[in-house]
Amino acid sequence: MLDATTRSGGTATAPPPAIATEFAHPVPAPVGLTSRCTRVLLSPWSRLSLLVVLLAGAASTVLLFEPQRLLSDGWPPQLGGVAAAVVFGVAYGLCTVAFVPRPLLNLAAGALFGSQIGLASALAGTVLGAGIAFGLGRVLGQDALRPLLRGRWLKAADGQLSRHGFRSMLAARLFPGVPFWAANYCAAVSRMGYVPFLVATALGSIPNTAAYVVAGARASAPTSPAFLIAMAAIALPGLAGAIVAWRKRHHLRRR
């Protein structure tokens, strides 16, 4: 049957094939420069590079300001009481992220605030610093580092932290030979939960932190029973940890 154009003497025209194809299969828009830059900046290795830069900057800042001078110069006289303990706890947490040794900070807490307030401030700073390090490692480092866990020991450590996170972290905090920062970032790379990590850190850090804080608070009386007990609480776990590490190493060499 002829259409109206054919009946009137005209010629029926069909749309050009190219135009029909274009409408049927739209050409995707080219990826813009902004999208490519965003993808690069959010890539796992870019985030890991940012983490390295942040930690290097924090460590450089600590070397510049020398927080260990608190032991010799004391706390600024403008701050006192609970406010000073809160400020110290925040500074404690930031310093642990920047790799300042916790024993030094614990001694300073005891020397500045005494046993009770010093212990509370040091524990709060410990949990704060661990939480910051865990968050940084989880957001900026996990995606880049997890594919590198190919060695037998690395896989075993990752599996232990991922499946038994709370008790593994509790043991790591109680064991004096495990560096604080190393435990933080190993837990962040694993699949351990945030809450078990913080609770295990808080509970496991109490004995060692209390020993150093009491030692710092009683340092002016080195013959007092409290100071001697604190020093024994520091030395005995360290000696036990060294013996266990030596036996493990000897056992691995024989195998």
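Just above, that's the structure.
Residues numbered from 1 in each chain as written. Predicted model: local features only at pLDDT ≥ 70, side-chain atom pairs only at ≥ 80, totals over all residues. Heavy atoms only, no water.

Caption draft 1: Examining the overall build of the protein more closely. Of regular secondary structure, the protein possesses 14 helices and 0 strands. A buried classification covers 29% of the 255 residues belonging to the protein. A fraction of 74% describes how many contacts in the protein between residues 6 or more apart in sequence connect residues 24 or more apart. When the accessible surface of the protein is split by element, carbon and sulfur atoms take 69% of a total near 16,000 Å². (Helix = DSSP H or I, 4+ residues; strand = E, 2+ residues; numbered from the N terminus. Buried < 20%, exposed > 50% of the residue type's maximum accessible area, 1.4 Å probe, protein only. Contact = heavy atoms within 4.5 Å. Areas by Shrake-Rupley, 256 points an atom, 1.4 Å probe, with all protein chains shown as cover.)

Caption draft 2: Unusual backbone geometry, seen in detail. Positive phi is not limited to glycine here, since Phe 99 has a value of about 70°. Take Phe 99: it is sitting in the loop between helix 6 (81-97) and helix 7 (102-113).

Caption draft 3: Structural detail: helix 6. Taking 1.5 Å of rise per residue, 17 residues should cover 24 Å, and helix 6 covers 25 Å from first to last C-alpha, within 8% of that figure. Residues Ala 84, Ala 85, Phe 88, Gly 89, Tyr 92, Gly 93, Cys 95, Thr 96 and Val 97 constitute the buried set of helix 6. Downstream of helix 6 by a residue or two, Phe 99 has a phi angle that is positive, lying close to 70°. (Expected span 1.5 Å × (residues − 1).)

Caption draft 4: Spotlight on the packing of aromatic side chains. Summed over all chains, the structure comprises 5 aromatic pairs. Here the aromatic rings of Phe 88 and Tyr 92 are separated by 6.2 Å at their centres, their planes lie at 65°, and the arrangement is edge-to-face. Separated by 4 residues within a single helix, Phe 88 and Tyr 92 lie in helix 6, roughly one turn from each other. Summarising the burial analysis for this pair, Phe 88 and Tyr 92 share the class buried. Arranged with centres 5.2 Å apart and planes meeting at 65°, the rings of Phe 134 and Tyr 194 form a pair that is edge-to-face. In this pair, Phe 134 is assigned in helix 8 (residues 115-145) and Tyr 194 in helix 12 (residues 194-204), connecting sequence segments 60 residues apart. What makes Phe 134 buried here is its relative accessible area of 1%. Judged by relative accessible area, which is 40%, Tyr 194 ranks as partly exposed. By way of ring pairs, the aromatic residues Phe 88, Tyr 92 and Phe 113 are connected into one cluster. (Phe/Tyr/Trp six-rings, centres within 6.5 Å; stacked < 30°, edge-to-face > 60°.)

Caption draft 5: Just the side chain of Ser 205, in detail. Relative to the assigned elements, Ser 205 resides in the loop between helix 12 and helix 13 (206-217). Those residues in contact with Ser 205, other than ones at most four positions away along the chain, are Arg 102, Leu 123, Thr 126 and Arg 173.

Caption draft 6: Seen up close, helix 7. The terminal C-alpha atoms of helix 7 lie 16 Å apart, and with 12 residues this matches the ideal 16 Å at 1.5 Å per residue to within 8%. The set of residues buried in helix 7 consists of Arg 102, Leu 105, Asn 106, Ala 108, Ala 109, Gly 110 and Phe 113. In the stretch just after helix 7, Gly 114 is the one whose phi turns positive, near 85°.

Caption draft 7: Representation of the nonpolar core. In terms of nonpolar packing, the biggest core is built from 14 residues, with Phe 88, Tyr 92, Val 100, Leu 105, Ala 109, Phe 113 and Ala 122 touching the most fellow members. Among the elements of the structure, helix 6 and helix 7 are those that each provide at least two residues to this core. With 5 residues, helix 6 is the single largest residue contributor to this core. Discounting residues that sit within four places of it in the chain, Leu 105 has contacts with Phe 88, Tyr 92, Cys 95, Thr 96 and Val 100. Ranked by size, the runner-up nonpolar core spans 12 residues in total, among them Leu 161, Phe 180, Ala 187 and Met 192. (Core = buried A, V, L, I, M, F, W, Y, C linked by side-chain atoms within 4.5 Å.)

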